[in-house]
Amino acid sequence: MLTHPTLDQLNHLGLYGMAKAFGNLLTSDEAPGLSHAEWLGLILDQEATWRQDRPMAARLRHAKLRHRAVPEDIDYRTPRGLDRRFMETLLKGEWIKGHDNLVITGPTGTGKSWLACAIGHKACRDNLSVLYVRLGKLLDELSVARGDGRIAVRLKSRMHTFRQRKEGPDLTIRASV
């Protein structure tokens, strides 16, 4: 079987998930025991998974989240006053769609930025665009832009990753540290 031309053709057609699965199947010990239909099913499943995961990866990359935090890792046993029901309500994201604001306050080192990133990660999973920005850096940029008379240009450039959405990101996380 000609493997290189097949892999080249899959990549040329933009079927990168199938090409990766095809390459993995060729090196697998179980591959000879699979029927043609099973082979095809496996590489099609891999392509479908790859196509579903790619937009999520792009949203996470553009969000520039500071921490690799996910909602499932939130520790409610830590004495920081987190209410599980309230967090579940926040994680549903209705407040984001309603254009409401959220301010997370607390002493230094209690995980405010981490919680914000977990909420941002969940918003990315919910197909919402997110942008994580340090508040000090954002204010400095806007102050300089205001002094230059280019504040509109600066705001537009800050939102360049959200070109498909004319109004900007669905959720902007502004961290104070």
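Calculation rules
Residues numbered from 1 in each chain as written. Predicted model: local features only at pLDDT ≥ 70, side-chain atom pairs only at ≥ 80, totals over all residues. Heavy atoms only, no water. Helix = DSSP H or I, 4+ residues; strand = E, 2+ residues; numbered from the N terminus. Buried < 20%, exposed > 50% of the residue type's maximum accessible area, 1.4 Å probe, protein only. Contact = heavy atoms within 4.5 Å. 1 Å grid on protein atoms, 1.4 Å probe; cavity = no way out; pocket = protein on both sides within 12 Å on 5 of 7 lines; lining within 4 Å. Points joined across faces, edges and corners; volume = space filled by probe spheres on them. Nonpolar A, V, L, I, M, F, W, Y, C, P; charged D, E, K, R; others polar. Core = buried A, V, L, I, M, F, W, Y, C linked by side-chain atoms within 4.5 Å. Patch = residues over 30% accessible without salt bridge, like charges linked within 9 Å, V, L, I, M, F, W, Y side chains within 5 Å. Areas by Shrake-Rupley, 256 points an atom, 1.4 Å probe, with all protein chains shown as cover. Salt bridge = Lys/Arg side-chain N within 4 Å of Asp/Glu carboxyl O. Lys, Arg positive; Asp, Glu negative; His and termini not counted. Charge placed at Lys NZ, Arg CZ, Asp CG, Glu CD. Axes fitted to C-alpha atoms, helices over the stretch in contact; angles between N-to-C directions. Parallel < 35°, antiparallel > 145°, perpendicular 65-115°, else oblique. pLDDT = per-residue confidence, 0-100.

1. Notes on the overall build of the protein
Helix and strand content of the protein: eight helices and two strands. When the elements of the protein are put in sequence order from the N terminus, they spell out α-α-α-α-α-α-β-α-α-β. Burial statistics for the protein: of 177 residues in total, 31% are counted as buried. For the protein, the proportion of contacts with a sequence separation of at least 24, taken over those separated by at least 6, is 66%.

2. Topic: the layout of surface pockets
One number sums up the size of the second largest pocket: a volume of about 270 Å³. In this structure, the second largest pocket is lined by 18 residues; those nearest its centre are Arg 80, Leu 82, Ile 104, Thr 105 and Leu 115. Of all the elements in the fold, those that place two or more residues in the lining of the second largest pocket are helix H4 (84–92) and helix H6 (112–125). Tallied by class, the residues present in the lining of the second largest pocket amount to ten nonpolar, five polar and three charged.

3. As for the nonpolar core
Formed by 21 residues in total, the largest nonpolar core has its most connected members in Ile 74, Met 87, Ile 119, Val 130 and Leu 171. Breaking this core down by element, the ones donating at least two residues are helix H3 (36–63), H4, helix H5 (94–97), H6 and strand S1 (130–134). With six residues, the top contributor of residues to this core is H6.

4. Remarks on the environment of Ala 48
Relative to the assigned elements, Ala 48 resides in helix H3. Taking the relative accessible area as the measure of exposure, Ala 48 reaches 38% and is therefore partly exposed. Spatially, the C-alpha atoms of Ala 48 and Leu 15 are 9.7 Å apart, while their sequence positions differ by 33 residues.

5. A word on a positive patch on the surface
A cluster of basic side chains, namely Lys 64, Arg 66, Arg 134 and Lys 137, defines a positive patch on the protein surface. Checked against the element boundaries, Lys 64 lands in the loop between H3 and H4.

6. Considerations on the pattern of salt bridges
Per the stated rule, a full pass over the model turns up five salt bridges. A salt bridge links Lys 122 to Asp 126; the nearest nitrogen and oxygen atoms lie 2.9 Å apart. With a relative accessible area of 21%, Lys 122 lands in the partly exposed category.

7. Looking at the environment of Asp 100
Position of Asp 100 among the secondary structure elements: in the loop between H5 and H6. A relative accessible area of 47% means that Asp 100 is categorised as partly exposed. Residues Asp 100 and Leu 171, spaced 71 residues apart in sequence, show a C-alpha to C-alpha distance of 9.7 Å.

8. Looking at the packing of H4 against H6
The geometry of a pair of packed helices is captured by two quantities: the angle between their axes and the separation between those axes. As a packed pair, H4 and H6 sit with axes 9 Å apart at the nearest point and diverge in direction by 45 degrees. For the element pair H4 / H6, the angle class is oblique. Residues Met 87, Leu 90 and Leu 91 of H4 form the contact with H6, whose participating residues are Leu 115, Ala 118, Ile 119 and Lys 122. Here the residues of the contact of H4 with H6 are counted per class, giving six nonpolar, no polar and one charged.

9. Description of the side chain of His 121
Its place among the elements puts His 121 in helix H6. In this structure, His 121 is in contact with Met 56, Leu 60, Leu 65, Ala 69, Val 70 and Pro 71, ignoring residues within four places of it in sequence.

10. A short note on the confidence of the model for the protein
Here the protein shows a mean pLDDT of 82. Residues at 70 or above account for 86%. The element-level mean pLDDT for the protein is lowest in strand S2 (residues 171–175), coming to 66, with H6 highest at 92.

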